[in-house]
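# Descriptive analysis of the structure
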Amino acid sequence: QVQLVESGGGSVQAGSSLRLSCLSSGRTFSNYAMGWFRQAPGKEREFVAAITWSGGSKNYADSVKGRFTISRDNAKNTVYLQMNSLKPEDTAVYYCAARDRGRATPWSYAVAQYDYWGQGTQVTVCS
């Protein structure tokens, strides 16, 4: 089992920055690709960003490209999401997720392709 705990959410003004962290425990962190997803009220959970197990490849949703940066520190068992130039439409609960590196592809944007999930952290961006 893998346990994931997100932190770093909060309420900020539009244009501000936040850095989310997700601490992993349980199995070896470097065995997992990691993703960030978000879910706004009344909407489905959507892909935000993903990073492969080594950190060598990163992928982003078009809506956050150029503003958000995903990174990981395997020595600290932590994945990060740096969010800059936040907009009100970024308001959501943000979840981190882990995907076993043994899967056929190194990363995915699909919710169903991730094996473990955190409880989420709320991000609210005010205009």
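So, here is what we can say about the structure in this document.

Each value, and the rule that gives it
- Residues numbered from 1 in each chain as written.
- Predicted model: local features only at pLDDT ≥ 70, side-chain atom pairs only at ≥ 80, totals over all residues.
- Heavy atoms only, no water.
- Helix = DSSP H or I, 4+ residues; strand = E, 2+ residues; numbered from the N terminus.
- Rg over C-alpha atoms; globule rule 2.2 N^0.38 Å.
- Contact = heavy atoms within 4.5 Å.
- Disulfide = S-S within 2.5 Å.
- Buried < 20%, exposed > 50% of the residue type's maximum accessible area, 1.4 Å probe, protein only.
- Pairing = 2+ DSSP bridges.
- Core = buried A, V, L, I, M, F, W, Y, C linked by side-chain atoms within 4.5 Å.

### Section: the overall build of the protein
Broken down by element type, the protein carries zero helices and 11 strands. Helices and strands in the protein line up, N terminus first, as β-β-β-β-β-β-β-β-β-β-β. Expected size for 127 residues packed as a compact globule is a radius of gyration near 14 Å; at 14 Å, the protein falls within 12% of this value. With the C-alpha coordinates of the protein rotated into their principal frame, the extents come out at 40 × 25 × 25 Å.

### Looking at the environment of Cys-96
Tracing the chain through its elements places Cys-96 in strand β9 (residues 92–100). When near neighbours in sequence (up to four residues on either side) are disregarded, Cys-96 contacts Leu-4, Glu-6, Cys-22, Gly-35, Trp-36, Tyr-116, Trp-117 and Gly-118.

### Examining the state of the cysteines
If you walk through the whole model with that rule in mind, you get one disulfide. The disulfide partner of Cys-22 is Cys-96, and the gap between their sulfur atoms is 1.9 Å. Taking the torsion about the S-S bond as the criterion, the Cys-22 to Cys-96 disulfide, at about 40°, is right-handed. Highlighted residues: Cys-22 in strand β3 (residues 18–26) and Cys-96 in strand β9, separated in sequence by 74 residues. As far as the burial class goes, Cys-22 and Cys-96 line up, both buried.

### Some thoughts on the pairing of strand β4 (residues 32–39)
Most of β4 is tucked away, with seven of its eight residues classed as buried. Looking at chain direction, β4 and β9 are connected through eight bridges and run antiparallel. Counted as the bridge partner of Tyr-32 is Asp-100 from β9. Sheet analysis places β4 next to strand β5 (residues 46–51), joined by five bridges and oriented antiparallel. Among the inter-strand pairings, Arg-38 is bridged to a residue of β5, identified as Glu-46. Counted between consecutive antiparallel strands, the loop separating β4 from β5 contains six residues, among which Gly-42 sits at a positive phi close to 75°.

### Structural notes on the pairing of β5
Here β5 lies mainly inside the structure; five of its six residues are buried. Here three bridges tie β5 to strand β6 (residues 58–60), and the two strands are oriented antiparallel to one another. Residue pairing across strands places Ile-51 opposite Lys-58, the latter belonging to β6. With antiparallel pairing between neighbouring strands as the criterion, β5 and β6 make up a hairpin whose turn holds six residues, including Gly-55 at a positive phi of roughly 85°.

### Considering the nonpolar core
Ranked by size, the top nonpolar core spans 33 residues in total, and within it Met-34, Trp-36, Leu-81, Met-83 and Tyr-94 carry the most contacts. Elements that contribute at least two residues to this core include exactly β1 (2–7), β3, β4, β5, β7 (68–73), β8 (78–83), β9 and β11 (121–126).

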